[in-house]
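Working through the structure, step by step
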Amino acid sequence: MLDLRKLRYFLTVAEELHFGRAAIRLHLAQPPLTRQISALETELGFKLFDRTSRTVTLTAQGRSFLPYARGVLEQVELAQVIASKLAAGTAGQLALGYVSSIALSDLFSQTIQAFAQRFPDVQLTLVECASGSLGAHVADGRLDIGLSRLLPQGEEVQVLSLGDERLVAAVSSESPMASLPSVSLAQLSAYPVILFPADFGSGLNQSIEQLYRHHGQPLRLGPTGRQITSIIALVAAGQGVALVPECTQSLMNKGVTYRPLVEGDACAPLLVLTRSETKSVLVDAFLTVIAQSLHTR
């Protein structure tokens, strides 16, 4: 294996085409530099320089070898830079899972954008999935972080609450409720509620079901949608009503009107899930960014 130090000596002499000046740049006496170049030529099996008492020039083999030597050293320097960034937590890979309703929030977009700008050398992989599977994916290491609305089972996952998000009613624009300043669960109970599928493990479903139970209102089940956009489309089609986070109002679907709920406890949690035992520097960095984004909202 070639000695990287000797390659650096070779490049310096090649740049200066003068052993004396190269030795000064390298903080060496000239004789040791000459010996190192001779040793490198022995290893390579060909001469790198033609020398006279007045001039130093690269041989044909030396000119051909020069770009390869330069490339090796550039890769070594790049590896050193990347290693330093990995150690500092400013490079690497981070897998983030999220549920579709959270992706509509300003907090989500602001955090992703701020993190990408602050850590451009981090490969951020974004995976949309249901709340029910987020906890398991974080626990088994498939995801580093999960943004969820559902408390996970087991102690393998640590939960950080970012607070609650208000729920609003999404109703058909042709419904009498569309003209009201606000609506109540009692009024909504006359309509089927469009939820995520029962086997989806939806945290939003859980919040809605608990809200109806707490206020003693019957929950009529309507059709289901696997995406928040599908749920809103079904509301527009007159298939029922939906209770959705406030951020969903950014989906300005024709035929859908959003109305605030009378009930003050109508909300859904926003949770950050991480592994309890193996939190990384990058995970801590992301948590810092999302906390700052939350603070500036």
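Residues numbered from 1 in each chain as written. Predicted model: local features only at pLDDT ≥ 70, side-chain atom pairs only at ≥ 80, totals over all residues. Heavy atoms only, no water.

Turning to the nonpolar core, a few remarks are in order. Generally speaking, a soluble globular protein has its nonpolar side chains buried in company with each other. Membership of the largest hydrophobic core comes to 34 residues, with the highest contact counts inside it found for Ala170, Leu188, Leu243, Val244, Tyr258 and Leu261. Within the residue set of this core, elements represented by two or more residues are strand E6 (157–172), helix H7 (185–188), strand E7 (193–195), helix H8 (203–214), helix H9 (228–236), strand E9 (242–245) and strand E10 (256–260). Apart from residues no more than four positions distant in its own chain, Ala170 is found in contact with Ile232, Val235, Val241, Ala242, Val244, Val256, Thr257 and Tyr258. Judged by nonpolar contacts, the second largest core, of 31 residues, contains Leu96, Tyr98, Ile112 and Leu162. (Core = buried A, V, L, I, M, F, W, Y, C linked by side-chain atoms within 4.5 Å. Buried < 20%, exposed > 50% of the residue type's maximum accessible area, 1.4 Å probe, protein only. Helix = DSSP H or I, 4+ residues; strand = E, 2+ residues; numbered from the N terminus. Contact = heavy atoms within 4.5 Å.)

Time to look at the packing of aromatic side chains. Counted according to the given criterion, the structure contains eight aromatic pairs. For the pair Phe10 and Phe49, a centre-to-centre distance of 5.6 Å together with 55° between the ring planes defines the contact as tilted. Here Phe10 is found in helix H1 (residues 4–16), whereas its partner Phe49 is found in strand E1 (residues 49–51), with 39 residues between them in sequence. You can call Phe49 buried: its relative accessible area is 2%. One aromatic cluster in this structure is built from Phe10, Phe19, Phe46, Phe49 and Phe65. Taking the ring centre of Phe19 as reference, the NZ or CZ of Arg51 above it sits at 4.0 Å. (Phe/Tyr/Trp six-rings, centres within 6.5 Å; stacked < 30°, edge-to-face > 60°. Lys NZ or Arg CZ within 6 Å of the ring centre and 35° of its normal.)

Bringing the UniProt feature "domain: HTH lysR-type" (unreviewed entry) in the protein chain into the picture now. Listed under "domain: HTH lysR-type" (unreviewed entry) in the UniProt record, and renumbered for this structure, are residues 2–59. Measuring from the first to the last C-alpha atom of residues 2–59 gives 19 Å, for a span that is 60% helix and 10% strand. (UniProt positions renumbered as here; feature names shortened; annotations may be inferred.)

Here we come to the packing of H1 against helix H3 (residues 30–44). Look at H1 against H3: their axes get within 9 Å of each other, and the N-to-C directions meet at 110°. One way to sum up the angle between H1 and H3 is to call them roughly perpendicular. Like other packed secondary-structure pairs, H1 and H3 cross with a definite hand, here left-handed. Between H1 and H3, the contacting residues are Arg5, Lys6, Leu7, Tyr9, Phe10 and Val13 on the first element and Leu33, Gln36, Ile37, Ala39, Leu40 and Glu43 on the second. For the contact of H1 with H3, the per-class residue count stands at eight nonpolar, one polar and three charged. (Axes fitted to C-alpha atoms, helices over the stretch in contact; angles between N-to-C directions. Parallel < 35°, antiparallel > 145°, perpendicular 65-115°, else oblique. Left-handed = near helix turned anticlockwise from the far one by under 90°. Nonpolar A, V, L, I, M, F, W, Y, C, P; charged D, E, K, R; others polar.)

All right, on to the pattern of salt bridges then. Inspection of every chain in the model, using the stated rule, returns eight salt bridges. Salt-bridge contacts for Glu15 lead to Arg25; the nearest nitrogen and oxygen are separated by 3.0 Å. One end of the pair, Glu15, is in helix H1; the other, Arg25, is in helix H2 (residues 19–25), and 10 residues separate them in sequence. One salt bridge connects Asp144 with Arg275, and the closest N-O pair in it is separated by 3.4 Å. Of this pair, Asp144 sits in the loop between helix H6 (131–139) and strand E5 (145–148) while Arg275 sits in strand E11 (residues 267–275), and the two are 131 residues apart along the sequence. Asp144 sits in the buried class, given a relative accessible area of 17%. Overall, Arg275 belongs to the buried group, its relative accessible area being 17%. When salt bridges that share partners are traced, they join Glu15, Glu16, Arg21 and Arg25 into one network. (Salt bridge = Lys/Arg side-chain N within 4 Å of Asp/Glu carboxyl O.)

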